[in-house]
Amino acid sequence: MLLRGLSQSLPEIFPLLFTMLEKHYGAALMEAGRQQMDVAKQHAAALIAAINAVNAYAEWAPLSDLGKYGIIYGCGFLLSSPDFRLHACEFFKIVAARKRPLDDGSDFDTAMKVVSETLMNASKDFLNKSNSVVSNESEFEFAEYICESLVSLGSTNLQCLTADSTSLTFYLQQMLGFFQHSKLALHYHSLLFWLSFMRDILSKSKTGLVDDPNTSTGRTENEKARLLALVTDDICSAILVTSFKRMLKKENVYTEMTPTVGTLELWSNEFDNKIDFSNYRSRLLELIRFFTSTKPLLAAAKVSERTTAAIKNLMVASSSTKDLAIMESMHLALENIVVTIFDGSNEYSKISPDLQHSLRQTLEGLLQQLISLKWTEPTMVEVLGHYLDALGPFLRYYPDAVGSVINKLFELLTSLPAMVKDPSTSAARRARLQICTSFIRIAKAANESLLPHMKGIADTMMYLQTEGVLLRAEQNILGEAFLIMASSAGTQQQQEVLLWLLEPLSKQWTQLEWQEAYLTNPTNLVHLCADTRFMWSIFHIVTFFEKALKRSGYRKGSLSIENSSKTTPDAHPMACHLLWMMPPLLKLLRSIHCLWSPPVTQVLPGEMRAALGMSDAEKIGLLGEGKHKLPKGSLTFNDGYPSDISKEAYSEASGNDIRNWLKGIRDSGYSILGLSATLGDSFFRSIDSHSVVVSLMENIQHMEFRHIKQLVHSALIPLVKCCPSDLWEVWLEKLLHPLLLHVHQALSSSWSSLLQGGKAKVPDLSGIVVGSDLKVEVMEEKLLRDLTREMCSLLSVLASPGLNATVPSLEQVGQMNHTEDSCKRDLNAFACSSMVGFVLHNKSLAVPVLKICVEALGWSDSESMSKVSTFCGLVVLLAVSTNNVELRQFVCKDLFSAIIQGLTLESNAFVSADLVGLCREIFVYLSNRDPSPRQILLSLPCITQQDLFAFEEALSKTGSPKEQKQHMKSLLIMATGNKLKALATQKGVNVITNVTTRFRTLDAAPQSNHDEEDRIGLAAIT
């Protein structure tokens, strides 16, 4: 009613506001001309008040009325006033983002067109002026407002411009001008528009009716094609050239590079708190991919020109390493362009032969130029390696150049010294590893194109090994590349390659001398770490085992719970190597685990004892203070831990080296166990389960939270998923019992300490001084929540459908609910075919698991609770389906009560529907067999017997689970006096508001989540 009344009064209000704008603006100028500044300020204040009132109406009043009564014109006129234009800009930003109404489209479009013309005229004046005159900060702030408004208009109301190609072309030219502008803020706002615009017109319709222009889909596709035609070669060229320039950071630019960079305000570390450079660069690269997909030849030509120019500048530069920044910044642009052309959504084979020929000539010319370079400076060699592997997808279609690329990579590798002792020469070590990594990237991108060259690569590797100029880390990376090549040739080829790669390793790995010397007693690991060369040799052997399992026959994502135990074990070429790999690995892991036991820790040397603690990088990661910057020369492996490999054989191991070595062996060892489990019978029926249990669980009570989390995630969850059901008793009961027993006690103690005293008290941080009690508390809570969530993930896996196929569904449960207990199945009947049934049948597992479930309902962690609720659902189903009295009593009393208590926590609001559903299932299916649910409900403070009767009557009148859940929810809210915060807060979960906060800074792009399978070799060497 209020809004209707305001709408009816607009014909009176808007003329008044327009008059105020006109009157007070003129009066303010006149009084200022007379030097009556006090009076002028009063008129200015009145004018600003009128603009603010206009802005309030602009959020909801019909746009046609704003145009009809001159408000748009009046605010547009104020854009020419330096004193009031920023206030007027707020009006245009609001109206530009208004959405087109369904019932007043034509009038809205007419008014919005006036808005667009006003904004474009203002931006035209600024862009023309800024090209000839150096603008001040006030001009830039005004331009930023105008640019933001134009971006909003283009993102929300582009349809108002599309009808007129001339207006749309002019608009695109304005946005191009902002994109090319030297000011980073203006460029960035325009970047967001171009991303949205190109993403929309290049998106494919999901329906196949695009050929019919009379369908809505067909008209949409035709409209997209028309818009795409307006993106001319000139626009594309300008966007690409500007994007290439802005791939640089300000800190990497030297004075000599000014002619190349120009006057651009490049991204700087000063913007670190506003937007991360990697996120900004990822948006530039996305835009480059969009333009490449529509104009591939132009993109290829531009990146080739830019790279060629950078190479020429390096040839004549006085200090080549200074000018290398442009080359370093461009390889990602080249990589994205090549991937889009040859490996993207566009199918290269469908491109016209003429275009294919031109693309081949352009990129072949660039490749030959790169191959001809005679660079030997480590940093330059590293960059050149990046460029060569960026062209990997090109080599898939044009394999003639593969041989010259391989020869060039080996030439670069051998041009650098292999023996690095001086830390100042670690750049050479890094460059060598990067060249080896380029083999992996090319192997992945070029596919079968490398198969004819495998023998030549193998011969070269053997020669370099014989000469002693190929270190173990480099052999590992090249071996990984070999495995990728072999995966394209079939299982037989993989087996031959594995035999060739693993046979030399097996000779060292299976020797009893080193096992007896270093693994018979935990303290002997001190001597192993003193033998630096052998220590790193063992490290590289273990990490290669992990790579061999990942790259041979196994692909992440191919493992599913439903088919994990049905896979043919012999399909994996690593199956025949497990027998000799596993025993020493298990001994090594056992010895490492023993280091944390107090009797052993007390006798360790100080440096070794210090190595057992957390690294600075781990602490910073827990605190969320950003990515820890590693010192130059330190390399990051696939699992994220640093290791300075330049020390692997030539210097005494430091405490940090020992810590990295221990973490690397532990993490890779867990991963090897998890990957080996996916081989099915080859692992479970050939490896001694007792040795695995002893290795992993003997010192579980001394393991720190982060170690247990990694153990569960990498090893135990895959073991649970893949273990054949007839071996559950042999394997899982012995593995899970000590784990569940200890973790329940540890989590219970830490959560009790956190909820009651505010400190989690985890073993990982005992005795560590970080500098702030608050920081310690934050890290402790993070460690506690991480382990809690991982353990709850394990429970979720235990309850997964694939491992519990024989448990009846709710529908089946409903049909058999009224049968007598004597007619129901024994819990033992499910123990061989249901994982949850197996766990519940074994009391040694059931007791700690069920305690975790009940207590987790009181831990304020919604992510963990969402996983636990899945397990609880299976427990309830089995309680209903079986005649087990103990289980039924637990569900009806302990679980039912704990769920209601859990609903008092606001953190459980996210899973409240699941929890209410569990309450409904327990009451509906079990209250006739156990009095506890009724007793618990009647014990609640605000319920009477009559309320419970009414509730049961309501349940009896509907068979709909949804309606029954609603009745249960209403009863619980009423019975507790609306004290269940998880239910009370649901109303505020989804909040919609049209009030937005104005950010004057650059916003951060969302992080891309890369599958770890895409992180190869050095993982993130940059």
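As the structure is a computational prediction, the values presented were derived from the model and not from experiment.

Observations regarding the overall build of the protein chain
Consideration 1: Regarding its fold elements, the protein chain presents 48 helices and 2 strands.
Consideration 2: Going through the 1022 residues of the protein chain one by one, you find that 54% of them count as buried.
Consideration 3: Of the contacts formed within the protein chain by residues at least 6 apart in sequence, a portion of 76% connects residues at least 24 apart.
Consideration 4: Surface exposure of the protein chain reaches about 44,400 Å², of which carbon and sulfur atoms provide 52%.

Overview of the nonpolar core
Consideration 1: If you look at the biggest cluster of nonpolar residues, it comprises 327 residues, and the most contacted ones within it are Trp-194, Trp-661 and Leu-739.
Consideration 2: Not counting chain neighbours up to four residues away, the residues in contact with Trp-194 comprise Leu-172, Met-175, Leu-176, Phe-179, Ile-235, Ile-239, Leu-287 and Phe-291.

Remarks on the confidence of the model for the protein chain
Consideration 1: Residues at a pLDDT of 70 or more form 84% of the protein chain, whose mean pLDDT is 84.
Consideration 2: Overall, residues 554-570 carries pLDDT values under 50, and its contacts beyond four positions in sequence, including any with other chains, amount to 29 contacts.
Consideration 3: A low-confidence stretch, residues 627-650 (pLDDT under 50), is modelled with 67 contacts involving residues beyond four sequence positions or located in other chains.

Things to note about unusual backbone geometry
Consideration 1: For Lys-761, which is not a glycine, the phi torsion comes out positive at approximately 55 degrees.
Consideration 2: On the accessibility criterion, Lys-761 (59% relative accessible area) is exposed.
Consideration 3: Phi angles above zero are rare outside glycine, and Asn-978 is one such case at about 60 degrees.

Description of the packing of helix H36 (residues 705-722) against helix H37 (residues 728-757)
Consideration 1: In contact at an axis separation of 12 Å, H36 and H37 are set at 145 degrees when each is read in the N-to-C sense. Relative to H37, the crossing made by H36 is left-handed. Contacts between H36 and H37 involve Phe-705, Ile-708, Val-712, Leu-716, Leu-719 and Val-720 on the former and, on the latter, Leu-732, Leu-735, Leu-736, Leu-739, His-742, Val-743, Ala-746 and Ser-750.
Consideration 2: Counted by class, the contact of H36 with H37 contains 12 nonpolar, 2 polar and no charged residues.

Regarding H36
Consideration 1: In a regular helix each residue adds 1.5 Å, so 18 residues correspond to 26 Å; H36 covers 25 Å between its end C-alpha atoms and thus fits that length.
Consideration 2: At Val-712, H36 is bent by approximately 40 degrees, the largest bend along its length.
Consideration 3: Within H36, 14 of the 18 residues are buried, which leaves it mostly tucked inside the rest of the structure.

Quick notes on the packing of aromatic side chains
Consideration 1: Scanning the entire structure with this criterion turns up 36 aromatic pairs.
Consideration 2: Both rings, one in Phe-14 and one in Tyr-57, keep their centres 5.7 Å apart while their planes meet at 80 degrees; by these two values the pair is edge-to-face. Of the two residues, Phe-14 sits in helix H2 (residues 10-33) while Tyr-57 sits in helix H3 (residues 37-58), which places them 43 residues apart along the sequence.
Consideration 3: Here Phe-342 and Tyr-397 contribute two aromatic rings whose centre-to-centre distance is 5.7 Å and whose plane-to-plane angle is 40 degrees, an arrangement assigned as tilted. Here Phe-342, found in helix H17 (residues 324-343), pairs with Tyr-397, found in helix H20 (residues 392-397); they are 55 residues apart in sequence, far enough to count as distant.
Consideration 4: Under the relative-accessibility criterion, Phe-342 is labelled buried at 2%.
Consideration 5: Among the residues examined, Tyr-397 registers a relative accessible area of 33% and is labelled partly exposed.
Consideration 6: In textbook terms, an aromatic cluster arises when at least three aromatic residues are bridged by ring pairs, as seen for Trp-509, Trp-514, Tyr-518, Phe-534, Phe-545 and Trp-580.
Consideration 7: For Arg-666, the ring lying beneath its charged end belongs to Trp-596, and the centroid distance is 4.6 Å.
Consideration 8: In this structure, Arg-825 packs its charged tip against the face of Phe-830, placed 4.3 Å from the ring centre.

Thoughts on the pattern of salt bridges
Consideration 1: Under the counting rule described, the total for this entry stands at 37 salt bridges.
Consideration 2: A salt bridge links Arg-706 to Glu-618; the shortest N-O distance between them is 3.7 Å. Taken together, the positions of Arg-706 in helix H36 and Glu-618 in helix H32 (residues 616-623) put the pair 88 residues apart, joining distant regions of the chain.
Consideration 3: With relative accessibility at 15%, the residue Arg-706 sits in the buried group.
Consideration 4: Shared partners join several salt bridges into a network, and the residues in it are Glu-781, Arg-785, Arg-789, Asp-861, Glu-863 and Lys-867.

Looking at the environment of Phe-871
Consideration 1: If you trace the backbone, Phe-871 turns up in helix H42 (residues 862-881).
Consideration 2: C-alpha separation for the pair Phe-871 and Ser-796, spaced 75 residues apart in sequence, amounts to 5.7 Å.
Consideration 3: Residue contacts for Phe-871: discarding those within four places in its chain leaves Leu-795, Leu-798, Ala-799, Val-836, Val-849, Leu-850 and Cys-853.

Side note on the side chain of Ser-869
Consideration 1: When you line up the elements, Ser-869 lands in helix H42.
Consideration 2: Residue class for Ser-869 comes out buried when judged on its relative accessible area of 7%.
Consideration 3: The contacts of Ser-869, once residues within four sequence positions are left out, are Asp-914 and Leu-918.

Some remarks on the environment of Arg-706
Consideration 1: Spatially, the C-alpha atoms of Arg-706 and Lys-782 are 9.9 Å apart, while their sequence positions differ by 76 residues.
Consideration 2: The contact partners of Arg-706, leaving out residues within four places of it in the chain, are Leu-612, Gly-613, Met-614, Glu-618, Asp-764 and Leu-783.
Consideration 3: At 3.4 Å, the side chain of Arg-706 forms a polar contact with the backbone oxygen of Leu-612.
Consideration 4: A distance of 2.3 Å separates the side chain of Arg-706 from the side chain of Glu-704, its partner in a polar contact.

A few points about helix H29 (residues 578-594)
Consideration 1: The terminal C-alpha atoms of H29, which comprises 17 residues, lie 24 Å apart, in line with the 24 Å expected from a rise of 1.5 Å per residue.
Consideration 2: Of all 17 residues making up H29, 13 are buried, and the element is well covered by its neighbours.

Thresholds applied
- The numbers attached to residues start from 1 for each chain and follow its sequence in the written order.
- Local features in this predicted model are restricted to residues whose pLDDT is 70 or higher, and side-chain atom pairs enter the listing and the counts only when it is 80 or higher, whereas totals over whole chains, interfaces and linings include all residues.
- To obtain the side-chain values, all non-hydrogen atoms of the structure were included, while hydrogens and water were left out.
- Strands here are runs of E lasting at least two residues and helices are runs of H or I lasting at least four, both read from the DSSP assignment and numbered beginning at the N terminus.
- Note on classification: 1.4 Å probe, protein chains only; a residue is buried when its accessible area is under 20% of the maximum for its type, exposed when over 50%, partly exposed between these limits.
- Between two residues, a contact is recorded if the distance between any of their heavy atoms is within 4.5 Å.
- Only the protein chains shown count as cover for residues, and the accessible areas themselves come from Shrake-Rupley with a 1.4 Å probe.
- Buried Ala, Val, Leu, Ile, Met, Phe, Trp, Tyr and Cys residues form a nonpolar core when they are joined through side-chain atoms within 4.5 Å.
- You can read pLDDT as the predictor saying how much it trusts each residue, on a scale of 0 to 100.
- Every axis in this analysis is a line fitted to C-alpha atoms, fitted for helices over the stretch in contact. Angles between the N-to-C directions lie between 0 and 180 degrees.
- Should the near helix be turned anticlockwise from the far one by less than a right angle, the crossing is termed left-handed; should it be turned clockwise, right-handed.
- Under this grouping Gly is polar, as are all residues other than the nonpolar Ala, Val, Leu, Ile, Met, Phe, Trp, Tyr, Cys and Pro and the charged Asp, Glu, Lys and Arg.
- In this analysis, the expected span of each helix is defined as 1.5 Å times one less than the number of residues it contains.
- In this scheme, the bend at a residue equals the angle between the axes fitted to the seven residues that finish there and the seven that begin there.
- Any pair of Phe, Tyr and Trp rings, taking the six-membered ring for Trp, is counted once the centres come within 6.5 Å. Such a pair is stacked with planes under 30 degrees apart, edge-to-face with planes over 60 apart, and tilted for the rest.
- Whether a charge lies above a ring is judged from NZ of Lys or CZ of Arg, which has to be within 6 Å of the ring centre and within 35 degrees of the ring normal.
- One side-chain nitrogen of Lys or Arg within 4 Å of one carboxyl oxygen of Asp or Glu is enough to make a salt bridge.
- Between N or O atoms, a polar contact is any pair within 3.5 Å; within protein, one atom must be a potential hydrogen donor and the other a potential acceptor, and residues adjacent in sequence are included only when both atoms are from side chains.

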